[in-house]
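The residues making up each chain are set out below.
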Amino acid sequence: MNTSQAEGIDQLQSWVNESKRIVFFGGAGVSTESGIPDFRSVDGLYHQKYDYPPETILSHTFFMRNTKAFYDFYRDKMICLDAKPNITHLKLAEMEQKGKLTAVVTQNIDGLHQAAGSKTVYELHGSVHRNYCTKCHTFYDIHCITESTGIPTCECGGIIKPDVVLYEEGLNDATVTGAVKAISESDLMIIGGTSLAVYPAAGLLHYFHGNHLVLINKSATPMDADADLLLQCGLGEVFSRIEV
Ligand code: ZN
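Please read all numbers here as calculations on a predicted model, not as lab measurements.

The rules we used
Residues numbered from 1 in each chain as written. Predicted model: local features only at pLDDT ≥ 70, side-chain atom pairs only at ≥ 80, totals over all residues. Heavy atoms only, no water. Donors = N, O, S within 2.8 Å, 3.2 Å for Na, K, Ca; no water. Tetrahedral: all angles 85-135°; square planar, octahedral: opposite > 155°, others 65-115°. Buried < 20%, exposed > 50% of the residue type's maximum accessible area, 1.4 Å probe, protein only. Helix = DSSP H or I, 4+ residues; strand = E, 2+ residues; numbered from the N terminus. Domains from an automatic or database assignment. Buried area = accessible area lost by both parts, 1.4 Å probe. Salt bridge = Lys/Arg side-chain N within 4 Å of Asp/Glu carboxyl O. Polar contact = N/O pair within 3.5 Å; in protein donor to acceptor, adjacent residues only side chain to side chain. Nonpolar A, V, L, I, M, F, W, Y, C, P; charged D, E, K, R; others polar. 1 Å grid on protein atoms, 1.4 Å probe; cavity = no way out; pocket = protein on both sides within 12 Å on 5 of 7 lines; lining within 4 Å. Points joined across faces, edges and corners; volume = space filled by probe spheres on them. Pairing = 2+ DSSP bridges. Axes fitted to C-alpha atoms, helices over the stretch in contact; angles between N-to-C directions. Phe/Tyr/Trp six-rings, centres within 6.5 Å; stacked < 30°, edge-to-face > 60°. Lys NZ or Arg CZ within 6 Å of the ring centre and 35° of its normal.

## Points about the coordination of the zinc ion
Okay, so step 1: Within the protein, the zinc ion binds to Cys133 (SG), Cys136 (SG), Cys154 (SG) and Cys156 (SG); these donor distances fall in the range 2.2 to 2.3 Å.
Okay, so step 2: In this structure, the zinc ion is coordinated by four donor atoms arranged in tetrahedral fashion, with angles at the metal of 100 to 116°.
Okay, so step 3: With relative accessibility at 38%, the residue Cys136 sits in the partly exposed group.

The following block contains the structure:
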């Protein structure tokens, strides 16, 4: 760690100390440190064995037309039941417990923030832990997917679909509304592990009018110039040094 990075983390620590309504906005980089691959990164799922790119398989059209192929990929690549929360998930949960953080807004679908103990989590892209029958709307947990083969079906005969926002699908209104409210009322916003290239990340950030905007990402993002503090490193390097 170089001096400027150490100074940056000290700066973040003092802002965390004085803040009472922190919101964390996170992307794939939060979960890669738990061993969950980022399918947009070059080390991710792109160069793998499937006939279609992930964006095609994870689309509404593909789900409707090739449901079995969707589930072959989905079970193989999108569900990581062995993954455990890492230091970033744990520190954020602790901040919430101590009344400093009001919400986590995440683009991840793995449920690791809740596994770490976080209560208010706006999952913009849904969760692999929730699934529902497309016919009678009965809800199912993740085991209906992991413990079945082929196309998972409900007792009523309907096809079960993950409560995950696929390409071509819109976000859940209540989730977006909750995220916007939390962001607009926050005093410190920490953005981490996202390139901010994916809708609706950049748009949501415009609702922030608090004191300090902190951006933690290994690579450059289109919002770097808007940050009050920019840390170009892994999230674990930062959160392992932050005391709540
Ligand atoms: Zn059903």
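## Some details on unusual backbone geometry
Okay, so step 1: Positive phi, close to 65°, is recorded for His137, a residue that is not glycine.
Okay, so step 2: Take His137: it is sitting in the loop between strand S4 (126-133) and strand S5 (139-140).
Okay, so step 3: Classification of His137 by relative accessible area gives exposed; the value is 52%.
Okay, so step 4: For Glu168, which is not glycine, the phi dihedral falls at a positive 80°.
Okay, so step 5: With respect to the secondary-structure elements, Glu168 resides in the loop between strand S6 (160-164) and helix H9 (173-184).
Okay, so step 6: For Glu168, a relative accessible area of 57% puts it in the exposed group.

## Here we look at the domain arrangement of the protein chain
Okay, so step 1: In terms of domains, the protein chain is made up of domain 1 (1-36 + 86-125 + 170-244), domain 2 (37-79) and domain 3 (127-164).
Okay, so step 2: Carbon and sulfur atoms make up 71% of the area that domain 2 and domain 3 hide from each other, which totals about 960 Å².
Okay, so step 3: In terms of surface lost to domain 3, no three residues of domain 2 exceed Tyr71, Tyr74 and Arg75, which account for 52% of the buried area on that side.
Okay, so step 4: Across the domain 2-domain 3 interface, the total number found is zero salt bridges.
Okay, so step 5: Linking domain 2 with domain 3 are four residue pairs in polar contact (both at pLDDT 80 or more).
Okay, so step 6: Counting only elements with at least two residues in the side of domain 2 that touches domain 3, the list comes to helix H4 (60-65) and helix H5 (67-78).
Okay, so step 7: Take the side of domain 2 that touches domain 3: its biggest share by element is seven residues, from H5.
Okay, so step 8: Residue classes in the side of domain 2 that touches domain 3 are distributed as six nonpolar, two polar and two charged.

## Quick look at helix H6 (residues 87-97)
Okay, so step 1: Buried within H6 we find Thr88, His89, Lys91, Leu92, Ala93, Met95 and Glu96.
Okay, so step 2: Residue Asn86 occupies the N-cap position of H6, its side-chain oxygen lying 2.9 Å from the main-chain nitrogen of Thr88.
Okay, so step 3: Looking one or two residues past H6, Gly99 carries a phi angle of roughly 75°, positive in sign.

## A word on the layout of surface pockets
Okay, so step 1: Quantified by volume, the second largest pocket comes out at close to 200 Å³.
Okay, so step 2: As for the second largest pocket, its lining consists of 16 residues, and the residues nearest its centre are Gly126, Asp163, Val164, Val165 and Asn172.
Okay, so step 3: Breaking the lining of the second largest pocket down by element, the ones donating at least two residues are S4 and S6.
Okay, so step 4: The element that contributes the greatest number of residues to the lining of the second largest pocket is S6, accounting for four residues.
Okay, so step 5: When the residues that make up the lining of the second largest pocket are grouped by side-chain class, the tally is six nonpolar, five polar and five charged.

## Brief notes about the sheet that holds strand S9 (residues 229-231)
Okay, so step 1: Spatial ordering of the open sheet is given by S3-S2-S1-S7-S8-S9, a layout of six strands whose pairing is parallel. Looking along the sheet, the strands with just one partner apiece sit at the ends: strand S3 (121-123) and S9. The mean inter-strand angle of the sheet, taken between neighbouring strand axes irrespective of direction, is 15°.
Okay, so step 2: Summarising the sheet, strand S8 (residues 212-216) and S9 pair through three bridges and their orientation is parallel. Its bridge partner lying in S9, Leu215 is registered against Leu230.

## Re the packing of aromatic side chains
Okay, so step 1: If you walk through the whole model with that rule in mind, you get eight aromatic pairs.
Okay, so step 2: Considering the side-chain rings of Phe63 and Phe70, the 4.9 Å spacing of their centres and the 90° angle between planes classify their relative orientation as edge-to-face. Both residues of the pair, Phe63 and Phe70, count as buried.
Okay, so step 3: Arranged with centres 5.4 Å apart and planes meeting at 20°, the rings of Phe70 and Tyr74 form a pair that is stacked. One end of the pair is Phe70 and the other is Tyr74, both in helix H5 and four residues apart, which spans about a single turn.
Okay, so step 4: Using a relative accessible area of 0% as the deciding quantity, one classes Phe70 as buried.
Okay, so step 5: Residue classification places Tyr74 among the buried residues on the basis of a relative accessible area of 1%.
Okay, so step 6: An aromatic cluster is defined as three or more aromatic residues linked by ring pairs; in this entry it consists of Phe63, Phe70, Tyr71 and Tyr74.
Okay, so step 7: Stacked on the ring of Phe63, the Lys or Arg Lys161 has its end atom at 5.5 Å from the ring centre.

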